[in-house]
Amino acid sequence: MNLYYYHVADDVLETDSDIAVVIDVLRASTTISWALKNGADSIQFFSDLDLLKETAERWDANKKLMLGERGGKKINGFDLGNSPLSVTKEKVQGKRLFMSTTNGTKSLKKVQNVKYLFAMALPNRKAVAERIMSLNKKNVLILGSGWEGSYSLEDSLAAGALASYIKYNFNNEVNISNDELQASLALWNTWKNDILGCLKTATHGKRLTSLGDYDDDLKCCSELDCLDIVPTQFERGVIRAS
Ligand code: 3SL
């Protein structure tokens, strides 16, 4: 199995991968994983806000929520911001979430044509890794989200965490196939015993902290292997739990 990691959507020119895993530790893929754990029916992701609103308008009013952020803050008129703590069972159960975030949903859109598309955060790292191993495909593309086109420490950390799990638990050969992923593995080995410290050191962790009290968000996003949810694209642009 060949594993590749790219930091941001624009780094992916084309791909013949069988599996794509999108990571946005702070916070889109963590929010997606928790929303599905808490019973959301599905998540439809958008980059374009007008299209999101048009599509959501056609949906049953009792079964939808609009969720999103720009610059870390909830979008005006939306029901929820992009916090894993906001997607409680009471709010999301049985609902479709129409979602747009600054970087995470852009990465999802970039690889939406790949046959198996998963969203992964630290809480469901093991669940996603096990799914990848069970599929046993040749090429796996791991894609971070970064921040507006630039590198992010926390997504690379999670890419390293995923690669590390697969490397040590898969029975077949695993190739760490690009330098980005080698560096991510080194990053994981440096920070694996202080994940929260890494998130607080990251530029986006600091950005969120400067916006207000995001301590509990950061803690939630730093938890490892506590969710058994594998967010999976079932139809183009729509993710469900599996
Ligand atoms: O960039 C994104 O997609 C968001 O996850 C950013 S934030 O953590 O909600 O600010």
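Before any of the text, the structure's been laid out above.
Residues numbered from 1 in each chain as written. Predicted model: local features only at pLDDT ≥ 70, side-chain atom pairs only at ≥ 80, totals over all residues. Heavy atoms only, no water.

**As for the site of the ligand**
Cut-off, in case you're wondering: Near residues are defined by distance, with any heavy atom within 4 Å of the molecule or strand qualifying the residue. N or O atoms closer than or at 3.5 Å make up a polar contact, with two conditions inside protein: a donor-capable atom paired with an acceptor-capable one, and, for residues adjacent in sequence, both atoms drawn from side chains. The protein chains shown are the only cover counted for residues, whose accessible areas, like all others here, come from Shrake-Rupley with a 1.4 Å probe. Both cavities and pockets are sets of points on a 1 Å grid over the protein atoms alone; in a cavity a 1.4 Å probe fits but cannot get out, in a pocket the set is open with protein on both sides within 12 Å along at least five of seven lines, and lining residues sit with an atom within 4 Å of a point. Molecule-in-pocket calls rest on the fraction of atoms, with more than half required to lie within 2 Å of the cavity or pocket grid points. Throughout this entry, Asp, Glu, Lys and Arg are counted as charged residues, while Ala, Val, Leu, Ile, Met, Phe, Trp, Tyr, Cys and Pro are counted as nonpolar. The remaining residues, Gly among them, count as polar.
Near the ligand, the surroundings consist of 14 residues, among which Arg27, Asn82, Thr101, Asn103 and Gly104 are the closest. One nitrogen or oxygen atom from the side chain of Asn82 is found 2.7 Å from an oxygen atom belonging to the ligand. Within the backbone of Gly104, an N or O atom sits 2.6 Å from an oxygen atom of the ligand. A total of 290 Å² of accessible area belongs to the ligand in isolation, and the protein chains cover 100% of it. When atom positions are compared with the pocket grids, the ligand is found to occupy the largest cavity. Grouping the constituent residues of the shell around the ligand by class yields 4 nonpolar, 7 polar and 3 charged.

**Quick look at the packing of helix H6 (residues 153–169) against helix H7 (residues 179–191)**
Quick note on the threshold: Between N-to-C directions, angles cover 0 to 180 degrees, with each direction set by a line fitted to C-alpha atoms, over the stretch in contact for helices. For helices the rule is a DSSP run of H or I covering at least 4 residues; for strands it is a run of E covering at least 2, with both sets numbered from the N terminus onward. By definition in this entry, angles of less than 35 degrees are roughly parallel, angles greater than 145 are roughly antiparallel, angles of 65 to 115 are roughly perpendicular, and the rest are oblique. Between two residues, a contact is recorded if the distance between any of their heavy atoms is within 4.5 Å.
One way to put it is that H6 packs onto H7 with a least axis distance of 7 Å and a crossing angle of 90 degrees. Comparing their axes, H7 and H6 come out roughly perpendicular. Contacts between H6 and H7 involve Leu153, Ser156, Leu157, Ala159, Gly160, Ala161, Ala163, Ser164 and Lys167 from the former and Leu181, Ser184, Leu185, Leu187, Trp188 and Trp191 from the latter. In terms of residue class, the contact of H6 with H7 is built from 10 nonpolar, 4 polar and 1 charged.

**Examining empty space enclosed by the protein**
Let me state the cut-off plainly: Grid points are joined across faces, edges and corners, and a volume is the space filled by probe spheres set on the points.
By the definition in use, this model includes 1 cavity of 30 Å³ or more. Surrounding the largest cavity, Asp24, Leu26, Arg27, Glu69, Asn82, Thr101, Thr102, Asn103, Gly104, Gly146, Trp147 and His204 form its lining. Of the residues contributing to the lining of the largest cavity, the split by class is 2 nonpolar, 7 polar and 3 charged.

**A few points about the pairing of strand S7 (residues 116–120)**
Where a strand is regular, its side chains alternate between the two sheet faces. To be explicit about the condition: Only protein chains enter the area calculation, which uses a 1.4 Å probe; residues under 20% of their type maximum are buried, those over 50% are exposed, and those in between are partly exposed. Two strands pair if DSSP finds at least two bridges between them.
Among the 5 residues of S7, 4 are classified as buried, and the element is accordingly described as predominantly covered. Across 5 bridges, strand S2 (residues 19–23) lies against S7 in parallel orientation. Opposite Ile23, over in S7, you have Met120 as the bridge partner.

**Here's the deal with the nonpolar core**
Basically, it comes down to this: Here, nonpolar core refers to any group of buried Ala, Val, Leu, Ile, Met, Phe, Trp, Tyr and Cys residues whose side-chain atoms link them within 4.5 Å.
Counting residues in each nonpolar core, the largest one holds 41 residues, and the members touching the most others are Leu3, Val21, Ile132 and Ile166. The residues contacting Ile166, other than those within four sequence positions of it, are Met1, Leu3, Ala129, Ile132, Met133 and Val174. Ranked by size, the runner-up nonpolar core spans 26 residues in total, among them Ala20, Ile32, Val111 and Leu117.

**Brief notes about the packing of helix H5 (residues 125–135) against H6**
Just so we agree on the cut-off: We call a crossing left-handed when the near helix sits turned anticlockwise from the far one by less than a right angle, and right-handed when that turn is clockwise.
Orientation of H5 relative to H6, taken along the N-to-C sense of each, is 50 degrees, at an axis distance of 9 Å. In terms of orientation, H5 lies oblique with respect to H6. For the pair H5 and H6, the sense of crossing is right-handed. Counted together, Arg125, Lys126, Ala129, Glu130, Ile132 and Met133 of H5 and Ala161, Leu162, Tyr165, Ile166 and Asn169 of H6 form the full contact between these two elements. Considered class by class, the residues forming the contact of H5 with H6 number 7 nonpolar, 1 polar and 3 charged.

Geometric descriptors of this kind do not, in isolation, establish any biological role.
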